[in-house]
Amino acid sequence: MKIHLTHFPKKHFLTLALFIILSFCGKAQSILIKGYVYDSLSGAPVPNVSVFFKGSFGVLTDSTGHYSLIASKIVSKDPNIQYTYVGYKTFSEKINFDIKEQTVNVKLLPTSDKLQDVVVKEKKEKYRNKDNPAVELIKKIIAHRDENKMTAYNTAKYSEYEKMVLSVSNFPKKISDKKYFKQYQFLLNNVDTTKVPGEKLMPIYLDETSSENYYQKSPTKTKKIIIGKNRVNFGEYFDTRGIGKYLASLYQDVNIYDNDIPLFGTQFLSPIANSAPAFYRFFIVDTVEKNGNKLVHMSFFPRNSQNILFRGNLYVTLDGHYSVEKINLYSPNKINLNLLKQLSISLDYQKQPDGKYLLIKSDLIGSFGVFKKGLGVFSERLVSYDNFKTNVTIPAGTFNGPTEVVQDSANNKPPTFWANSRIGNLSAAESKVIKNIDSLQKMKSFRTAMDWTSFVTTGYKQAGPLEIGPINTFYSFNPVEGSRARLGGRTTPKFSHSYYLEGYGAYGFTDQKWKYFGSATYSFTHKPTYIFPQHFIKASYLHDTKIPGQELQFVQDDNFLYSFKRGTNDKYTYNNIFRLDYTKEFANHFSYNVDLKYWQQSPAGNLYFNYPATNNTPAKQVTSITSGEIGIDLRYAPHEVFYENEAYRVPLVNKYPVLELRYLLGIKGLLNGNYNYQNIEANIFKRFYLSQFGYTDVTFDGGYVIGKLPFPLLNLAHANQTYAYNLESFNLMNFMEFVTDHYASLMVDHYFNGYILNKIPLIKKLKWRSVIEGKAMYGGLRDENNPAINTSQMAFPMTDGQPSTYAFQKQPYFEAGVGIYNILKVLRVDYIWRFSYLNHTNISTSGIRFRLKFNF
């Protein structure tokens, strides 16, 4: 017998409980109780009051003192509803279960009496951890965390059912009644008004998964075998698989026994984390008895309601294990998370034959919207666990291969399979969502709307089997080409599932030269090359301008927004590049790429390839340099997750490192190359989560070149002369400022997630967040590659007769800055200082940089 109750703290109107009674031995008559709780002396609302029937679970009042609770006489055997809060006398009211809906408003009297065994002090007295029985109990729960985790067992296996639902909430009637939307009434009228009374939920996404799971403690191994899969299919406009992966990264499993709980790309501190007493206030509310087990009912609240913390209540056993029997988690009203209206999590645990409590159900509900009222998105991730078997022998070979596999028959399970797997039944609205989306994508008007939506969001416009774009490259400008016009496109799976073509043509109105690019790709998976795991071969040819040293950047040089640059940046190259690439990714996220490359570079603008005169040779100017090389890239990104579709994919950062190693072998005579050389580069990226103190992104990069080479073939430091903050570049370094044949760099960005600004009056209302960064690089140049020492080497570029390209001296390059992000939810502004090589010409010693990016 289970009761699942909660509430929403929403101002000026009442909302109803999200958790309803799911199953009984018979049908239970449920009633709705709602009301308002206030202080008898001041008349002020009292938030976070526990409202419950003895022997069962309850809800908390919201920030305005309101509450709503669904109860059943079968469960609530005692008809007296209780209202308790530390510092007030407990209030009790007898409820008539024959009245389906009733309002009970309560005024609480302050008291200094004892509640159970806890000394309750006046509300205005400062809260302290010292000599606080609630904190002492929490410390006992923390001390027993490891023994209460499933990972305490040597082995375990269990069944799991997961349901993920997304709904549009409160779709405006003024819009749905318009003539254009009449054709979509089959979708707009499919609403659920029972899950959250007062809210109209229109399901648009459903994903169900049934799996068998295995765990081994030593060595630690896990395995998930998906035996059933049932979800909507949005067709060509949205990659359903990519949406599923993205949602899984936002709505991760909630383990209350972990220190931090990852949700929405950030880390919530668990109320039973090691450091929880420093960030939460704890109170003992009551004791209850359930199935013969004595439980302590506790409540907890964040010390700072804007930090990434929970408020809620829990029930803990007094059997010596201090196991959590149930916990309800809610987001604080002022939490510094964008778009979040309300978050509630209910975790239910069940006693096992060995006396331990294991999680049997997790229900995570989130409500999002730009405004507190009106249109929004409602989400629910419901997970159930059963058929536990612990410390059993798991067959040999179970853990071989990927950690997650999908059975071939998973997508073809009959309705009877899902009826047996689900917790209860789908709601009437949920049961129609798959059919409705199938009907929706067949409608011409919907396809047209999605086509234009895709154009706005991705920059590509569909034209039959082609896509024209991206739009942000149609026009740009730079000092060499002047105004530049470009038109390009690529094929889609409508053209072929195996062959993909891409190309563009561009024209510079100042240099009066045409540029172009073309590529042809064959996908061995017969899927778009953006879909994991990749396996393709690609041939490409490029004739275009580039800024030397910036060809490895992940931005397009002809993106209009990157046309605006500071200082002098008139040194470019014309490039002819032929590449043949073979790429293969594996299920464990290891990948490799082997490539063959022909590269001819010619100077453009105010860049010249000059060799000074020596005793034996006159000065000369060359028109181009040519190299031929073979390269291999190795990449390992364990547990990497992408948001992907047929047109692009974006990696979603997690706590695991990304390791990359690249080796280039230049061979004289290969593809008319003129140089022998080797180039080795390594890159490591890692995000460190620091709980309430935010997170830190660290990137280490290093390289070594073997061979005597002109500077265009050496390592040119990644610089940035635009006004956009670039995560992977030095933002106050000039293009081509440093040349090395061996180097190491370290880049660190720390994001405080509002930890500092949440404490500043007035500023905290803006929900801004602070960031600090530091970037350093040090390298060297062997004598054979340094034109200042080896006069037979190609000279470094000059600007107005002054040096503009340098070798490192006896100090590293270093820049650092501070910034504020989450301005208007999307803008980041940094002020950066440069601390070394301040004598270089035409540099900026400090400056403001901007970056646009949405964060939760």
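Residues numbered from 1 in each chain as written. Predicted model: local features only at pLDDT ≥ 70, side-chain atom pairs only at ≥ 80, totals over all residues. Heavy atoms only, no water.

Engineer: So what exactly am I meant to see when it comes to empty space enclosed by the protein here?
Structural biologist: Taken as a whole and judged by the stated rule, the model has eight cavities of 30 Å³ or more. Roughly 200 Å³ of internal volume is contained in the largest cavity. Forming the walls of the largest cavity are 17 residues, and the residues nearest its centre are T568, K571, Q721, F735 and T799. Its residues assigned to classes, the lining of the largest cavity shows five nonpolar, nine polar and three charged. (1 Å grid on protein atoms, 1.4 Å probe; cavity = no way out; pocket = protein on both sides within 12 Å on 5 of 7 lines; lining within 4 Å. Points joined across faces, edges and corners; volume = space filled by probe spheres on them. Nonpolar A, V, L, I, M, F, W, Y, C, P; charged D, E, K, R; others polar.)

Engineer: Is there a simple way to explain the pattern of salt bridges in this structure?
Structural biologist: Close approach of charged atoms allows side chains of opposite charge to pair. Counted under the stated rule, the structure contains 32 salt bridges. Measuring nitrogen to oxygen at the nearest pair gives 3.6 Å for the salt bridge that ties R231 to D207. Here the residue R231 occupies a position in strand β13 (residues 221–231), and D207 occupies one in strand β12 (residues 201–216), the gap between them amounting to 24 residues. Look at R231 and you get partly exposed, because its relative accessible area is 28%. (Salt bridge = Lys/Arg side-chain N within 4 Å of Asp/Glu carboxyl O. Helix = DSSP H or I, 4+ residues; strand = E, 2+ residues; numbered from the N terminus. Buried < 20%, exposed > 50% of the residue type's maximum accessible area, 1.4 Å probe, protein only.)

Engineer: Looking at this structure, how should I read the packing of aromatic side chains?
Structural biologist: What describes a pair of aromatic rings is the distance from one ring centre to the other and the angle between the planes of the rings. Evaluated as defined, the whole model comprises 50 aromatic pairs. Ring plane angle 85 degrees and centroid distance 5.5 Å describe the contact between F730 and Y813, whose orientation is recorded as edge-to-face. In this pair, F730 is assigned in the loop between β41 (715–716) and β42 (739–740) and Y813 in strand β47 (residues 813–823), connecting sequence segments 83 residues apart. One exposure class covers both F730 and Y813, and it is buried. Through pairs of rings, three or more aromatic residues link up here, namely Y499, Y522, F524, Y582, F586, F590 and Y592. Cation over ring: K413 sits above F417, and NZ or CZ is 5.2 Å from the ring centre. (Phe/Tyr/Trp six-rings, centres within 6.5 Å; stacked < 30°, edge-to-face > 60°. Lys NZ or Arg CZ within 6 Å of the ring centre and 35° of its normal.)

Engineer: What should I look at first to understand the pairing of strand β6 (residues 91–94) in this one?
Structural biologist: Within a regular strand, the side chains alternate between the two sheet faces. Where strand β5 (residues 80–84) lies against β6, four bridges are found, and the strand directions are antiparallel. Across the sheet, Q82 pairs through a bridge with S92, a residue of β6. Between β5 and β6, which pair antiparallel and follow one another directly, the connecting turn spans six residues, one of which, G87, has a positive phi of 100 degrees. (Pairing = 2+ DSSP bridges.)

Engineer: Please explain the sheet that holds strand β19 (residues 324–330) as it appears in this structure.
Structural biologist: Sheet strands pair by backbone hydrogen bonding; their relative direction is either parallel or antiparallel. Spatially, β16-β17-β18-β19-β20-β21-β22-β11-β12-β13-β23 is the arrangement adopted by the 11 strands of the open sheet, whose pairing is mixed. The strands lining the two open edges of the sheet, one partner per strand, are β16 (280–290) and β23 (404–406). With strand direction ignored, the average angle separating the axes of adjacent strands in the sheet is 15 degrees. When strand β21 (residues 357–368) meets strand β22 (residues 376–390), the two strands line up antiparallel, connected through eight bridges. Note that in β22 the partner of L364 across the bridge is R381. Strand contacts of helix α1 (residues 133–143): β16, β17 (293–302), β18 (311–317) and β19, with the helix running at about 80 degrees to β16, the strand carrying the most contacts. Sheet strands touched by helix α8 (residues 428–440): β11 (155–169), β12 and β13. Its angle to β12, the strand with the most contacts, is close to 100 degrees. (Axes fitted to C-alpha atoms, helices over the stretch in contact; angles between N-to-C directions. Contact = heavy atoms within 4.5 Å.)

Engineer: Which parts of the structure should I look at to understand α1?
Structural biologist: Counting along an α-helix, one turn takes 3.6 residues, and residues three or four places apart therefore face a common direction. Along α1, the positions that sit buried rather than exposed are A134, V135, L137, I138, I141 and I142. Seen from one end, α1 has its buried residues packed into an arc of 160 degrees, which puts them on one side. Elements that come into contact with the buried residues of α1 comprise α2 (145–148), α6 (276–279), β16, β17, β18 and β19. Of the residues that open α1, the one with a side-chain oxygen 2.9 Å from the backbone nitrogen of A134 is N132. (Arc of directions from axis to C-beta. Polar contact = N/O pair within 3.5 Å; in protein donor to acceptor, adjacent residues only side chain to side chain.)

Engineer: How do you make sense of the environment of F234 when you look at a structure like this?
Structural biologist: By the element assignment, F234 lies in the loop between β13 and α5 (240–250). Taking the C-alpha atoms as reference points, F234 and A143, 91 residues apart in sequence, are found 47 Å from one another. Those residues in contact with F234, other than ones at most four positions away along the chain, are I204, Y205, T240, I243, I437 and Q441.

Engineer: For this particular structure, what's the right way to read the nonpolar core?
Structural biologist: Across soluble globular proteins, you tend to see nonpolar side chains buried next to one another. In terms of nonpolar packing, the biggest core is built from 100 residues, with Y83, L263, F268, F282, M298 and F310 touching the most fellow members. Not counting the four nearest positions on each side in its chain, Y83 is found in contact with V37, V49, S50, V51, Y67, K89, T90, F91, V104, V106 and L108. Judged by nonpolar contacts, the second largest core, of 24 residues, contains F609, Y611, Y677 and M794. (Core = buried A, V, L, I, M, F, W, Y, C linked by side-chain atoms within 4.5 Å.)

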